[in-house]
Amino acid sequence: MTKVKLDDIDLQILAHLQTDGRMTNVDLARQVGISAPPCLRRVRALEESGYIRGYHAEVDAESLGFEVTVFAMVGLASQAESDLVAFEERVRAMPLVRECWMLNGEIDFILKIVARDLAEFQSFLTRELTPAPNVASVKTSFTIRNGKHEPGVPFGLPPRAPRAR
């Protein structure tokens, strides 16, 4: 995948699509000040070069019956690369785990877990996560509410100052 050099129009396209991935190409072209055909070519180039990885619907977990969100801090017995990769592969097969981040510091991974209720989470914790190979410790924190949810990256930041040499 070859990365294209991004110009201001590409960045505007990415910002608009990040906000509204269902925007039509005609509307997107109008928003960024170009005609529809070159806009579509730019979007395709951004997709092919990996800047756009996909388009997704944001679903409401609670409306779908997923009442419990938990963050689990997982410590592994071994941090050998093969063991880290094996844990990540195992977690990818766990539907309740929605995100898995490897961390630097006292814990090895933080997992975002959603469940329909406490019983489902407890079953997952005691039957799948805690007894998984190489898992040495699991500490959990139940969420109370989400104060901010803004996926993606912050477009529109001021340019960085040149670094001193």
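Quick notes on the rules
- Each chain carries its own residue numbering, running from 1 in the direction its sequence is written.
- A pLDDT threshold of at least 70 governs which residues receive local features in this predicted model, and a stricter bar of 80 or more applies before side-chain atom pairs are shown or counted, although totals over entire chains, interfaces and linings include all residues.
- The side-chain quantities take in all heavy atoms of the structure and omit both hydrogens and water.
- Helix axes use the C-alpha atoms of the stretch in contact, all axes being lines fitted to C-alpha atoms, and the angles between their N-to-C directions lie in the range 0 to 180 degrees.
- Only DSSP runs of H or I with at least four residues qualify as helices, and only runs of E with at least two residues qualify as strands; both kinds are numbered from the N terminus onward.
- An angle counts as roughly parallel when it lies under 35 degrees, as roughly antiparallel when it exceeds 145, as roughly perpendicular when it falls between 65 and 115, and as oblique in every other case.
- Note on contacts: a residue pair qualifies if any of its non-hydrogen atoms lie within 4.5 Å across the two residues.
- With a 1.4 Å probe rolled over the protein chains alone, any residue whose accessible area is under 20% of its type maximum counts as buried; one over 50% counts as exposed, and the rest are partly exposed.
- UniProt positions are given in the numbering used here, feature names are shortened, and annotations may be inferred rather than shown by experiment.
- We define a nonpolar core as any set of buried Ala, Val, Leu, Ile, Met, Phe, Trp, Tyr and Cys residues linked to one another through side-chain atoms lying within 4.5 Å.
- A helix is expected to reach a length of 1.5 Å times the quantity of its residues less one.
- Side-chain rings of Phe, Tyr and Trp (the six-membered ring for Trp) are treated as a pair once their centres are within 6.5 Å; stacked means planes under 30 degrees apart, edge-to-face means over 60, and tilted covers the remaining angles.
- Any carboxyl oxygen of Asp or Glu that lies within 4 Å of a side-chain nitrogen of Lys or Arg is treated as forming a salt bridge with it.

**Section: the packing of helix 2 (residues 25–32) against helix 3 (residues 36–48)**
Alright, step 1. Interaxial distance between helix 2 and helix 3 falls to 9 Å at its minimum, and their mutual angle equals 100°. Our classification of the angle between helix 2 and helix 3 gives roughly perpendicular. Residues Asn25, Val26, Leu28 and Ala29 of helix 2 touch helix 3, and the partners they reach there are Ala36, Cys39, Leu40 and Val43.

**Here we look at the environment of glutamate 47**
Alright, step 1. Summarising the element assignment, glutamate 47 is placed in helix 3.
Alright, step 2. When its relative accessible area of 24% is taken as the criterion, glutamate 47 is described as partly exposed.
Alright, step 3. The residues contacting glutamate 47, other than those within four sequence positions of it, are Ile52 and Tyr55.

**Regarding the UniProt feature "domain: HTH asnC-type" (unreviewed entry) in the protein chain**
Alright, step 1. Sequence positions flagged by UniProt for "domain: HTH asnC-type" (unreviewed entry) are, in local numbering, residues 6–67.
Alright, step 2. Counting secondary structure, residues 6–67 comes out at 53% helix and 0% strand; the distance between its end C-alpha atoms is 41 Å.

**Regarding the nonpolar core**
Alright, step 1. Grouped together as the largest cluster of nonpolar side chains are 21 residues, with contacts concentrated most on Val74, Phe87, Leu111, Ile113, Phe121, Phe124 and Leu129.
Alright, step 2. Per-element accounting of this core gives the leading share, five residues, to strand 1 (residues 68–76).
Alright, step 3. Residues contacting valine 74, with those up to four places away along its chain left out, are Phe87, Ile107, Asp108, Phe109, Leu111, Leu129, Val135, Ser137 and Val138.
Alright, step 4. If you look at the next biggest cluster of nonpolar residues, it comprises 12 residues, including Leu14, Leu17, Ala29 and Val43.

**Looking at helix 4 (residues 81–92)**
Alright, step 1. With 12 residues, helix 4 extends 17 Å between its outermost C-alpha atoms, agreeing within 8% with the 16 Å of an ideal straight helix rising 1.5 Å per residue.
Alright, step 2. Those residues of helix 4 that are buried are in contact with strand 1, strand 2 (97–102), strand 3 (109–115), helix 5 (118–129) and strand 4 (135–142).

**Overview of the packing of aromatic side chains**
Alright, step 1. Applying the stated rule across the entire model yields two aromatic pairs.
Alright, step 2. Between phenylalanine 121 and phenylalanine 142 the ring centres are 5.3 Å apart and the planes differ by 80°, which places this aromatic pair in the edge-to-face class. Pair noted here: phenylalanine 121 is in helix 5 and phenylalanine 142 is in strand 4, with a separation of 21 residues, a long-range link.
Alright, step 3. Phenylalanine 121 gets classed as buried once you look at its relative accessible area, which sits at 3%.
Alright, step 4. The partly exposed category is assigned to phenylalanine 142, whose relative accessible area is 43%.

**Digging into the pattern of salt bridges**
Alright, step 1. For the structure shown, the criterion picks out six salt bridges.
Alright, step 2. A salt bridge links arginine 30 to aspartate 27, with the shortest nitrogen-to-oxygen separation between them at 2.9 Å. Taken together, the positions of arginine 30 and aspartate 27, both in helix 2 and three residues apart, correspond to about one turn of that helix.
Alright, step 3. Take arginine 30: its relative accessible area is 58%, and that puts it in the exposed class.
Alright, step 4. A relative accessible area of 31% means that aspartate 27 is categorised as partly exposed.
Alright, step 5. Of the charged contacts in the structure, one is a salt bridge between arginine 116 and glutamate 120, with a shortest N-O distance of 2.5 Å.

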